[in-house]
Amino acid sequence: MGTKPIEDLEAGIRSAIRIEIYRAACEVLEHQDKNVRKAALEKMPAKIRPHIEAEARRIWEMRKNDGS
C-alpha cells in the first residue's frame with residue numbers, strides 16, 4: 001500500500017512484496033506510449049514508486065538486451 005518506506009519493513013515482508021513490485025512494473029511497461037507509462041507511474045504510491053520505476057527500468061533493459 002505504500003504507507004511505510006520499504007526500507008522500514010522487515011526483511012521477510014520486503015522479500016514478499018518484490019513480486020508485487022515486479023507485477024506493477026510490468027503493468028507500467030504494458031503501455032506503449034512513454035507519457036502513458038509516466039502517468040501510470042505517477043498513480044503509484046509515492047513511497048513505493050521509486051522501487052517500481054527501478055524495476056521497470058531493469059525489466060526494460062533486460063527485454064531490450066534480450067530482443068524480447
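Quick notes on the rules
- Residues numbered from 1 in each chain as written.
- Predicted model: local features only at pLDDT ≥ 70, side-chain atom pairs only at ≥ 80, totals over all residues.
- Heavy atoms only, no water.
- Core = buried A, V, L, I, M, F, W, Y, C linked by side-chain atoms within 4.5 Å.
- Buried < 20%, exposed > 50% of the residue type's maximum accessible area, 1.4 Å probe, protein only.
- Helix = DSSP H or I, 4+ residues; strand = E, 2+ residues; numbered from the N terminus.
- Contact = heavy atoms within 4.5 Å.
- Axes fitted to C-alpha atoms, helices over the stretch in contact; angles between N-to-C directions.
- Nonpolar A, V, L, I, M, F, W, Y, C, P; charged D, E, K, R; others polar.
- Expected span 1.5 Å × (residues − 1).
- Bend = angle between axes of the 7 residues up to and from the residue.
- Salt bridge = Lys/Arg side-chain N within 4 Å of Asp/Glu carboxyl O.

### Notes on the nonpolar core
When a protein is soluble and globular, its nonpolar side chains tend to lie buried together. Of all hydrophobic cores here, the largest spans 14 residues; its most connected members are Ile21, Ala25, Val28, Met44, Ile48, Ile52 and Ile59. Counting residues per element, the ones that place at least two in this core are helix 1 (11-29), helix 2 (34-42) and helix 3 (49-66). With six residues, helix 1 is the largest single contributor of residues to this core. If near-sequence neighbours (up to four positions away) are discounted, Met44 is found in contact with Ala24, Val28, Arg49 and Ile52.

### Quick look at the packing of helix 2 against helix 3
Running from N to C, helix 2 and helix 3 point in directions that differ by 145°, and their axes come no closer than 10 Å. Across the interface between the two elements, Arg37, Leu41 and Glu42 from helix 2 touch Arg49, Ile52, Glu53 and Trp60 from helix 3. Split into classes, the residues belonging to the contact of helix 2 with helix 3 amount to three nonpolar, no polar and four charged.

### Concerning helix 1
Helix length check: helix 1 (19 residues) gives 27 Å between terminal C-alpha atoms against 27 Å at 1.5 Å per residue, within 8%. The sharpest bend along helix 1 comes to roughly 30°, located at Ile17. Every buried residue belonging to helix 1 is among Ile21, Ala24, Ala25, Cys26, Val28 and Leu29, and all of these are buried. In this fold, the buried residues of helix 1 make contact with helix 2 and helix 3.

### Topic: the pattern of salt bridges
This model, assessed by the stated rule, comprises four salt bridges. In this structure, Arg23 engages Glu20 in a salt bridge whose closest nitrogen and oxygen atoms are separated by 3.0 Å. Separated by three residues within a single helix, Arg23 and Glu20 lie in helix 1, roughly one turn from each other. Residue classification places Arg23 among the partly exposed positions, given a relative accessible area of 46%. Owing to a relative accessible area of 45%, Glu20 belongs among the partly exposed residues under this scheme. Note that Arg57 and Glu53 form a salt bridge whose closest N and O atoms lie 3.1 Å from each other. Here the residue Arg57 and the residue Glu53 both occupy positions in helix 3, the gap between them amounting to four residues, near one helical turn. Take Glu53: its relative accessible area is 30%, and that puts it in the partly exposed class.

Geometric descriptors of this kind do not, in isolation, establish any biological role.
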